[in-house]
Amino acid sequence: MAEAERIIGTPDIPDAEGTGGPEDEVRGETVGDTGADTDRAEAPGKGKRKIMVLFAVAVVAYLLDLSSKMIVVAKLEHQQPIEIFGEWLRFDAIRNAGAAFGIGEAFTVIFTAIAATVIVVIARLARKLYSLPWAIALGLLLGGALGNLTDRIFRSPGLFKGAVVDFIAPAHFAVFNLADSAIVCGGILIVILSFKGLDPDGTVHKD
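This structure is a prediction, so every number in the text was calculated from the model and none was measured.

Remarks on the overall build of the chain
Thought 1: Helix and strand counts for the chain come out as five helices and three strands.
Thought 2: For the chain, the sequential pattern of α-helices and β-strands runs α-α-β-β-α-α-β-α.
Thought 3: Looking at the chain as a whole, 30% of its 207 residues are labelled buried.
Thought 4: Contacts spanning at least 24 positions in sequence make up 67% of the contacts within the chain whose residues lie at least 6 apart.
Thought 5: Carbon and sulfur atoms form 66% of the exposed surface of the chain, whose accessible area is close to 13400 Å².

Considering the packing of aromatic side chains
Thought 1: Here the structure, examined in full by the defined rule, presents two aromatic pairs.
Thought 2: On the numbers, 5.6 Å between centres and 75° between planes, the contact of F91 with F167 is edge-to-face. Pair noted here: F91 is in strand β2 (residues 89-96) and F167 is in strand β3 (residues 164-170), with a separation of 76 residues, a long-range link.
Thought 3: Classification of F91 as partly exposed rests on a relative accessible area of 30%.
Thought 4: Residue classification places F167 among the buried residues on the basis of a relative accessible area of 5%.
Thought 5: Here F173 and F176 contribute two aromatic rings whose centre-to-centre distance is 6.2 Å and whose plane-to-plane angle is 85°, an arrangement assigned as edge-to-face.
Thought 6: Residue F173 is classed as exposed on the basis of its relative accessible area of 52%.

Digging into the pairing of β2
Thought 1: As paired elements, strand β1 (residues 82-85) and β2 share three bridges and run antiparallel to each other. The residue bridging I82 from the neighbouring strand is F91, located in β2.
Thought 2: In this structure, β2 lies alongside β3, joined through six bridges in antiparallel fashion. Bridging across to β3, I94 finds its partner in D166.

Description of the pattern of salt bridges
Thought 1: With the rule as written, the count across this model stands at four salt bridges.
Thought 2: Here D65 makes a salt bridge to K69, at a shortest N to O gap of 2.9 Å. With D65 and K69 both in helix α2 (residues 22-75) and four residues apart, this pair spans about one turn of that helix. Across the pair, exposure class does not vary: D65 and K69 are buried alike.
Thought 3: The shortest N-O distance in the salt bridge between K69 and D151 comes to 2.9 Å. Taken together, the residues K69 in helix α2 and D151 in helix α4 (residues 132-154) connect sequence positions 82 residues apart. Judged on exposure class, the residue K69 and its partner D151 are both buried.
Thought 4: Here the salt bridges share partners, and the residues they tie into one network are D65, K69, D151 and R155.

Comments concerning the nonpolar core
Thought 1: Counting residues in hydrophobic clusters, the biggest one holds 18 residues, and the most contacted among them are L54, I122, L129, W134, L138, L142 and I190.
Thought 2: Mapped by element, the contributors of at least two residues to this core are α2, α3 (108-125), α4 and α5 (178-196).
Thought 3: For this core, the leading source of residues is α4, giving eight residues.
Thought 4: Apart from residues no more than four positions distant in its own chain, I190 is found in contact with W134, A137, L138 and L141.

Scoring rules and cut-offs
- Residues numbered from 1 in each chain as written.
- Predicted model: local features only at pLDDT ≥ 70, side-chain atom pairs only at ≥ 80, totals over all residues.
- Heavy atoms only, no water.
- Helix = DSSP H or I, 4+ residues; strand = E, 2+ residues; numbered from the N terminus.
- Buried < 20%, exposed > 50% of the residue type's maximum accessible area, 1.4 Å probe, protein only.
- Contact = heavy atoms within 4.5 Å.
- Areas by Shrake-Rupley, 256 points an atom, 1.4 Å probe, with all protein chains shown as cover.
- Phe/Tyr/Trp six-rings, centres within 6.5 Å; stacked < 30°, edge-to-face > 60°.
- Pairing = 2+ DSSP bridges.
- Salt bridge = Lys/Arg side-chain N within 4 Å of Asp/Glu carboxyl O.
- Core = buried A, V, L, I, M, F, W, Y, C linked by side-chain atoms within 4.5 Å.

Next up, the structure:
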């Protein structure tokens, strides 16, 4: 028996406190490190997907606004308004030098700077974006801001002073465009998310 034990070897026996041998310690460290590495690997991928949603929504909003303005300028400007729902809703092309819904026409350059600042802030915030609803909201804001900023830069009367093309004219309300609509919808969604306690990084807090 003694000779057999000498050849085969004596197996490791856990001590009274229940701690394993060196192999167990190495095996436990390996498993723990793997889990941590997995979490770290998944987090950037998850964030990237939300950034892609943000820019996809922004591109769609921007292209819809840009194409609608091109059509309005080519087909509707200097023409009679088109009635969509009688007197309740018409398409009527106008040039707006102010902010959304015709507010503050004397501050075109200031509104241009504000739109550019909004774009920069959203781009910086996108690096910490893990929430899908926030990605949609910020995408709407970004697309709308880019749409009106394009008019400010490229349309007459000049650089950073261009008048925005508006054409959606509800009864008893200011004339606006799709970029204005995207900005308002994004803003409303942000207010709702803030009341719900949802942060852009995906965490939820309750006051």
